[in-house]
Amino acid sequence: LELSLNLLSNSKKAPSTKLSKKKALVTAGPTFEAIDPVRFIGNHSSGKMGVAIANELADRGVAVDLILGPSDIEVSNKNINCIRVTSAAEMHQYSMDRFNDADIAVLAAAVADYTPKNVSNSKIKKANGIMTLELTKTKDILKDLGKAKTKDQLLVGFALETNNELENASKKLKEKNLNFIVLNSLNDDGAGFEFDTNKITILDDSNNVEKFELKAKIEVAKDIVDKITSYL
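Residues numbered from 1 in each chain as written. Predicted model: local features only at pLDDT ≥ 70, side-chain atom pairs only at ≥ 80, totals over all residues. Heavy atoms only, no water.

1. Here's the deal with the nonpolar core
Going by this rule: What makes a nonpolar core is a set of buried Ala, Val, Leu, Ile, Met, Phe, Trp, Tyr and Cys residues whose side-chain atoms join them at distances within 4.5 Å. Residue exposure (1.4 Å probe, protein chains only): buried if accessible area is under 20% of the type maximum, exposed if over 50%, otherwise partly exposed. Helix and strand assignments come from DSSP, with helices taken as H or I runs of at least 4 residues and strands as E runs of at least 2, each series counted from the N terminus. Contact definition: two residues touch when any of their heavy atoms are within 4.5 Å.
Formed by 33 residues in total, the largest nonpolar core has its most connected members in Ile-53, Leu-57, Val-64, Leu-66, Ile-224 and Ile-228. Going through the elements one at a time, strand S1 (23-28), helix H2 (48-59), strand S4 (63-68), strand S6 (104-107), strand S9 (154-161), strand S10 (180-185) and helix H6 (217-231) are the ones with two or more residues in this core. Looking at which element gives the most residues to this core, the answer is H2, with seven residues. Apart from residues no more than four positions distant in its own chain, Ile-53 is found in contact with Val-106, Phe-158, Ala-221, Ile-224 and Val-225. By size, the runner-up hydrophobic cluster in this structure holds 21 residues, among which are Ile-67, Ile-83, Leu-142 and Leu-183.

Below is the structure:
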C-alpha cells in the first residue's frame, strides 16, 4: 500500500520550477459593445482557449489574473482570480491596471476593434429605411501593453487570420512589441471560435516558426505554456 501511494504521488505532474510563484495576466472571451440596453456588437469567441491557458498556468504554480469577457465558462481554479468584464474599455482598464504586477501576459481575448460612438439609453425602435451606426476605434490593449512592457516581462498575443496568415501575424508581432504570437486561421477545419479544438502556429521575435497539429484546446494550452517556459 505504501509503495502504491508513493507511485501515485510521483505520477502527478509537478509544477514547473520556472513558472512557480510567477504572476500572469490572461485575457479571454469576446467583448460586447453596447448599441442600446438590449443590443450590442460582439463576436463568436467562447473564451475556451484563454481559459484553458489560464488553467494550465495556474496548474503549474502561477498566480493568474484572468480578465474574462462575456462567457458561460465557470472558473474554479484556486490560483485564478477571475475578473469578468463586458466591454473593450473595461478589458483595457483592468489589463493596464494588472499588467505592472505580471511576469507573463497572454492576450487571447477577441476584443472588438470598434464600438458605437453613441449609445442609446433606451431601446432603439425599428423604423422604415436604413439605420446608420457610427463606430469609433477601441483602445488597442495589446499595443498599449507592448509600449509598457519591460525587459523582464513576457508578452504573448494572438492572431486570428483568414488570408496572408504568416505575413499578418509577423507584422503584428513586431508592431505590438511581442515576445511571440499564436496564429490560428479560420481556413483550418476545427480551429477558431467555439470549437473545442484548435490548430496553431507560433512565431517568436527570433524569427522562429513552429507549427502544431489540430488538438484539443486543453492540449494546445500546454503547448503554449511550454513555449512560455522555454522562452523564460
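2. Quick look at helix H4 (residues 141-148)
Rule in force here: Here the arc refers to the set of directions running from the helix axis out to each C-beta atom. Polar contacts, as used here, are pairs of N or O atoms within 3.5 Å; protein pairs need one atom able to donate a hydrogen and one able to accept it. Residues neighboring in sequence count only if both atoms are side-chain atoms.
Taken as a whole, H4 has its buried residues at Ile-141, Leu-142, Leu-145 and Gly-146. The arc that holds every buried residue of H4, seen down its axis, measures 135°, which confines them to one face. For H4, the elements touching its buried residues are S1, helix H3 (88-99), S6, S9 and helix H5 (165-175). The N-cap residue of H4 is Asp-140: its side-chain oxygen and the backbone nitrogen of Leu-142 are 3.3 Å apart.

3. Here we look at the packing of H2 against H6
Inclusion rule: In this analysis an axis means a line fitted to C-alpha atoms, helices contributing only their contacting stretch, and an angle means the value between N-to-C directions, from 0 to 180 degrees. The scheme is simple: roughly parallel for angles under 35 degrees, roughly antiparallel for over 145, roughly perpendicular for 65 to 115, oblique for anything else. Less than a right angle of anticlockwise turn of the near helix away from the far helix marks a crossing as left-handed, whereas a clockwise turn marks it as right-handed. Each residue is assigned to one class: nonpolar for Ala, Val, Leu, Ile, Met, Phe, Trp, Tyr, Cys and Pro, charged for Asp, Glu, Lys and Arg, and polar for all the others, Gly among them.
Relative to each other, H2 and H6 sit at 55°, their axes nearing to 8 Å. As summarised for this structure, H2 and H6 are arranged oblique, according to the angle between their axes. The handedness of the crossing between H2 and H6 is right-handed. Residue-level inspection shows Lys-48, Met-49, Ala-52, Ile-53, Glu-56 and Leu-57 of H2 in contact with H6, the latter providing Lys-217, Ile-218, Val-220, Ala-221, Lys-222, Ile-224, Val-225 and Ile-228. For the contact of H2 with H6, the per-class residue count stands at 10 nonpolar, no polar and four charged.

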